[in-house]
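Listed below, chain by chain, are the residues.
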Amino acid sequence: MSTDDAETDDVSRAKIRQHIDDCSPCLREFGIEQEVKALVSRCCGGDRAPESLRIRLKLKLREVVIEAEVREYRAE
């Protein structure tokens, strides 16, 4: 399993990896995500998503990470 899609810096990647290792629901979700990525890679080959879609997805992922950090902070 790899979190290295070259879309985060090393510090963020380490935080994500630590969280995934400690959180069963996220680990399960990450495993599903990896399977989807592999399937898309096999089916779409070298196709690249339109830049507008890539930007929207990156923004949404940042929102999810921020939301998770806020929830984690409140839980402590």
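Residues numbered from 1 in each chain as written. Predicted model: local features only at pLDDT ≥ 70, side-chain atom pairs only at ≥ 80, totals over all residues. Heavy atoms only, no water.

(A) Examining the overall build of the protein chain more closely. Within the protein chain one finds 3 helices and 0 strands. Walking the protein chain from its N terminus toward its C terminus, one meets helices and strands in the order α-α-α. Counting all 76 residues of the protein chain, 7% fall into the buried class. (Helix = DSSP H or I, 4+ residues; strand = E, 2+ residues; numbered from the N terminus. Buried < 20%, exposed > 50% of the residue type's maximum accessible area, 1.4 Å probe, protein only.)

(B) Representation of helix H1 (residues 10-22) within the structure. The end-to-end C-alpha distance of H1 is 18 Å, a good match for the 18 Å that 13 residues give at a rise of 1.5 Å each. If you check the start of H1, you find a side-chain oxygen 3.2 Å away from the backbone N of Val11, and it comes from Asp9. (Expected span 1.5 Å × (residues − 1). Polar contact = N/O pair within 3.5 Å; in protein donor to acceptor, adjacent residues only side chain to side chain.)

(C) Molecular detail of the pattern of salt bridges. Counting across every chain of the model gives 4 salt bridges. The salt bridge involving Asp10 is made with Arg13; its shortest N-O contact spans 2.4 Å. A residue pair is termed a helical-turn pair when its members lie 3 or 4 positions apart in one helix, as Asp10 and Arg13 do in helix H1 at 3 residues. Measuring nitrogen to oxygen at the nearest pair gives 3.9 Å for the salt bridge that ties Glu51 to Arg54. (Salt bridge = Lys/Arg side-chain N within 4 Å of Asp/Glu carboxyl O.)

(D) Here's a closer look at the packing of H1 against helix H2 (residues 24-44). Running from N to C, H1 and H2 point in directions that differ by 110°, and their axes come no closer than 5 Å. Here H2 runs roughly perpendicular to H1, going by the angle between their axes. On H2, the residues touching Arg17, His19, Ile20 and Asp22 of H1 are Ser24, Cys26, Leu27 and Phe30. (Axes fitted to C-alpha atoms, helices over the stretch in contact; angles between N-to-C directions. Parallel < 35°, antiparallel > 145°, perpendicular 65-115°, else oblique. Contact = heavy atoms within 4.5 Å.)

(E) Highlighting the state of the cysteines. A full pass over the atoms with the stated rule returns 0 disulfides. Its sulfur unpaired, Cys23 is 3.5 Å from the next cysteine sulfur, which belongs to Cys26. (Disulfide = S-S within 2.5 Å.)

(F) Region of interest: a nonpolar patch on the surface. On the surface, a nonpolar cluster with roughly 240 Å² of combined accessible area is contributed by Ile32, Val36 and Val40. Tracing the sequence through the fold places Val40 in helix H2. Residue Val40 is classed as partly exposed on the basis of its relative accessible area, which comes to 43%. (Patch = residues over 30% accessible without salt bridge, like charges linked within 9 Å, V, L, I, M, F, W, Y side chains within 5 Å. Areas by Shrake-Rupley, 256 points an atom, 1.4 Å probe, with all protein chains shown as cover.)

(G) Focus on H2. In a regular helix each residue adds 1.5 Å, so 21 residues correspond to 30 Å; H2 covers 30 Å between its end C-alpha atoms and thus fits that length. Just beyond H2, the residue with positive phi is Gly45, at close to 55°.

(H) A look at the confidence of the model for the protein chain. Per-chain confidence: the protein chain averages 78 in pLDDT, with 86% of residues scoring 70 or above. Mean pLDDT values for the elements of the protein chain range from 79 in H2 up to 85 in H1. (pLDDT = per-residue confidence, 0-100.)

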